[in-house]
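Examination of the molecular architecture
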Amino acid sequence: MSQVLSQISTEQRSEIMEKYVSINAETFLSLTETGLQWLRANQQLVNSLNVFPVPDGDTGTNMLLTMQSAVDETGGETNLTVGGLAKKLAHGALMGARGNSGVILSQLWRGIARALDDLPVMTTADFARALQEARETAYKGVVRPVEGTILTVSTDVAAAANDAISSGVTSLVELLENVVEAADISVQGTPELLPILKEAGVVDSGGKGLYFIFEGMLRYLYNLPVDESQVEVQQLATFSLDETHESIEDGQDWEVVVDFRPSESLDLNNFYTHLETLGTSIQLGEGEGLYRMHIHVPDHTEYAPIDYIHSLGTVTRVAIENLMDQQAQNSGSSGSGKYELAAVSPGSIATIVVAPGKGLGNVFASLGAAAIIEGGQTMNPSTQEILSAFEDLPTDKILILPNNKNILLAARQAAEMTVKSVRVIPTVSVPQGVSAMLSLEPDGDLDELASTMEGLISEVQSGEVTTSTRDVEIDGVQVQKDQVIGLLNEKLVVAGDNVEQVVFKILEDAGTAQAELITLYAGCEYSMKQANALAEKIQEKYPQQEIEVVEGGQPHYQLILSIE
């Protein structure tokens, strides 16, 4: 906060304070757009605030996409009342909400819209009331609110705004100064409220994202730039380009990936700024002095990023792909159309399943899924995507299996937005989803089937094997960056030097000797040959158990284990 204030003089601040006592829809939209831009500038920093050292830090991305959807909904229209604009922002955020942080952010916008309903302009006092209503709405939207999260920051922000009004503040500038300062203090205090944050040595990522939105708004009032970010670079070991192929925008004709070693220390802000003049979908990974740059560029400019990076140091590898040709080759085989899905008849139960890999999608399709939404870690589908998966199906009986804790809120939000009878089964892992699907009876009773599925998901244990993104100690497990780590039922239980070591520790902690079936779902970076060889060793250790190996195709996780 002090850094922002130091960039303007006392005279400038006085002039600005007098200017912004009340604002119209045009200014309110500009505030929101600048909050979005500042969040985008700091997206990777927010993503990096991940409790577990796993490659799924996506809070910044989810909040960014939610905010972008909110702004897109307005269509840039400012010939509205502030209340009318707020409604559009809230609806856009609601439909575009991704992940738990995005859903809570959409609820904050919903509260703001409710408070500003029918107001032609917004005074400073109106904004303070809107922040209080935002806080109340967000808490009501979460079944079990947890302190030390974005919810706590929303509480502290609302309290600061109310205190400012009570003390006689009339300028939106001064109010936002108080809000940003309160958000900063609240974020820094989140580890004291949520022990897992303190143990991991991070602050809450959702709260930090909210802080950047408010700080961006204040930077707009100060007329300060919002394109200078605190750039964070991904660890090269977890650098994945899978999501960049999900949607190819117009003008993204070529994908260029360059590995290089800079001859001097890399100025990340200048590096990103220059790349943004060349293309989109920019990513940067780093490991032991080697950098990997990814970008999408228009036709006839595919060599521009290579030439630029060559001027910075030594290029060690280059890969170029024609995205338009690739998209043309894949047309007609994307989305749920690639799966053999269950037929849906009027009155039957249709099951909508989120799957993080094509192989896993095939598994769920074979078990009777009516629609497959590709998503999972780092690929959280939006409320709109979940809603669209079932809204046009010829039945009003719907089951949703999110199979990921960070998709659960979006699934529940989609269920509230339809006249259909929808039940969300709280599956937080692929094994839980598979276990639930084994009881599917499309012609059964919706509530009875939902109850049966919920009972089954507690009978399976879920293991996950991935690569650590940083050094940390959690739950007594000391982890070094780039080690193989294992989670059992979402708890970090082991760090080791290889997949085999980690898998056997997971199986031991799961009490596998008393289990009947072990299923290994091999990820896209772990071959079936490797998985089958590991399965043979597991069979030697556990000769009484049945072992199955399935090609899951999930990114980031070498293996997903099901023990039941």
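Computed from a prediction, not measured in an experiment: that's the story for all the values here.

Across the sheet, 4 strands lie side by side as E9-E8-E10-E11; this open sheet has parallel pairing. The sheet is open, and its two edges are formed by strand E9 (371-374) and strand E11 (421-424), each paired on a single side. Here the strands of the sheet are splayed against their neighbours by 20° on average, with no regard to which way each runs. Sheet analysis places strand E8 (residues 349-355) next to E9, joined by 4 bridges and oriented parallel. The partner of Ala355 across the bridge, within E9, is Glu374. Across the sheet, helix H17 (residues 383-391) is in contact with E8, E9, strand E10 (397-401) and E11; its angle to E9 comes to roughly 165°.

One open sheet accounts for 6 strands, arranged E16-E15-E12-E19-E17-E18; its pairing is mixed. Each edge of the sheet is formed by a strand with only one pairing partner; in this case those strands are strand E16 (491-496) and strand E18 (546-551). For this sheet, the mean inter-axis angle between neighbouring strands, taken without regard to orientation, is 20°. Bridge count for strand E17 (residues 517-522) against E18 is 6 bridges, and the pairing is parallel.

Moving on to the nonpolar core. In terms of nonpolar packing, the biggest core is built from 110 residues, with Phe28, Trp109 and Phe214 touching the most fellow members. Among the elements that line this core, the one with the most residues is helix H12 (residues 205-222), at 9 residues. When sequence neighbours within four positions are dropped, the list of residues in contact with Trp109 reads Phe28, Thr32, Met67, Leu89, Ala90, Ala93 and Met217. By size, the runner-up hydrophobic cluster in this structure holds 26 residues, among which are Val465, Val502, Ala531 and Ile538.

The geometry of two aromatic rings is summed up by the distance between their centres and the angle between their planes. As enumerated under the stated definition, the model contains 7 aromatic pairs in all. Ring geometry for Phe28 and Trp109: centres 6.3 Å apart, planes at 50°, overall tilted. Of this pair, Phe28 sits in helix H3 (residues 25-41) while Trp109 is found in helix H7 (residues 99-116), placing the two residues 81 residues apart along the sequence. No difference in accessibility class separates Phe28 from Trp109, as the two residues are buried. Residues Trp38 and Phe212 carry aromatic rings whose centres are separated by 6.4 Å and whose planes lie at 75° to one another, so their mutual orientation is edge-to-face. With Trp38 in helix H3 and Phe212 in helix H12, this pair connects stretches of sequence that are 174 residues apart. For the residue pair Trp38 and Phe212, the accessibility class agrees, reading buried in each case. By way of ring pairs, the aromatic residues Phe260, Phe271, Tyr272, Tyr291 and Tyr308 are connected into one cluster. A cation over a ring is seen here: Arg135 above Tyr139, with NZ or CZ 4.0 Å from the ring centre.

What follows covers the confidence of the model for the chain. Per-residue pLDDT for the chain has a mean of 88; in total, 91% of the residues score no lower than 70. Between residues 329-336, whose pLDDT stays under 50, and residues either more than four places distant or in other chains, the model counts 4 contacts.

So, on to empty space enclosed by the protein. For the coordinates displayed, the defined rule picks out 1 cavity of 30 Å³ or more. Leu108, Ile112, Leu131, Leu210 and Phe214 are, among the 13 residues lining the largest cavity, the residues nearest its centre. Listing elements by their share of the lining of the largest cavity, those giving two or more residues are H7, helix H8 (124-140), helix H9 (150-166) and H12. Grouping the amino acids of the lining of the largest cavity by side-chain chemistry returns 12 nonpolar, 1 polar and no charged.

A cluster of like negative charges, contributed by Glu459, Glu516, Glu546, Glu548 and Glu564, occupies part of the molecular surface. Take Glu459: it is sitting in the loop between helix H20 (446-456) and strand E12 (461-467).

Let's shift gears to the packing of H8 against helix H10 (residues 172-193). Two numbers describe how H8 lies on H10: the axes approach to 9 Å, and their chain directions differ by 30°. Overall, the two elements H8 and H10 adopt an arrangement that is roughly parallel. Judged by the sense of rotation from one axis to the other, the crossing of H8 with H10 is right-handed. Here Thr124, Phe127, Ala128 and Leu131 of H8 lie close against H10, whose contacting residues are Leu172, Leu175, Leu176 and Val179. Split by residue class, the contact of H8 with H10 holds 7 nonpolar, 1 polar and no charged.

Quick look at the pattern of salt bridges now. In this structure the tally under the stated criterion is 13 salt bridges. Of the charged contacts in the structure, one is a salt bridge between Arg13 and Glu177, with a shortest N-O distance of 2.6 Å. Taken as a pair, Arg13 in helix H2 (residues 10-19) and Glu177 in helix H10 lie far apart in primary sequence, 164 residues in all. Here Arg13 falls in the partly exposed class, since its relative accessible area comes to 25%. Residue Glu177 is classed as buried on the basis of its relative accessible area, which comes to 6%. Linking Lys481 and Asp482 is a salt bridge whose minimum nitrogen-to-oxygen distance equals 3.2 Å. The network of salt bridges with shared partners includes Asp259, Arg292 and Arg317.

About the criteria used
Residues numbered from 1 in each chain as written. Predicted model: local features only at pLDDT ≥ 70, side-chain atom pairs only at ≥ 80, totals over all residues. Heavy atoms only, no water. Pairing = 2+ DSSP bridges. Helix = DSSP H or I, 4+ residues; strand = E, 2+ residues; numbered from the N terminus. Axes fitted to C-alpha atoms, helices over the stretch in contact; angles between N-to-C directions. Contact = heavy atoms within 4.5 Å. Core = buried A, V, L, I, M, F, W, Y, C linked by side-chain atoms within 4.5 Å. Buried < 20%, exposed > 50% of the residue type's maximum accessible area, 1.4 Å probe, protein only. Phe/Tyr/Trp six-rings, centres within 6.5 Å; stacked < 30°, edge-to-face > 60°. Lys NZ or Arg CZ within 6 Å of the ring centre and 35° of its normal. pLDDT = per-residue confidence, 0-100. 1 Å grid on protein atoms, 1.4 Å probe; cavity = no way out; pocket = protein on both sides within 12 Å on 5 of 7 lines; lining within 4 Å. Points joined across faces, edges and corners; volume = space filled by probe spheres on them. Nonpolar A, V, L, I, M, F, W, Y, C, P; charged D, E, K, R; others polar. Patch = residues over 30% accessible without salt bridge, like charges linked within 9 Å, V, L, I, M, F, W, Y side chains within 5 Å. Areas by Shrake-Rupley, 256 points an atom, 1.4 Å probe, with all protein chains shown as cover. Salt bridge = Lys/Arg side-chain N within 4 Å of Asp/Glu carboxyl O. Lys, Arg positive; Asp, Glu negative; His and termini not counted. Charge placed at Lys NZ, Arg CZ, Asp CG, Glu CD. Parallel < 35°, antiparallel > 145°, perpendicular 65-115°, else oblique. Left-handed = near helix turned anticlockwise from the far one by under 90°.

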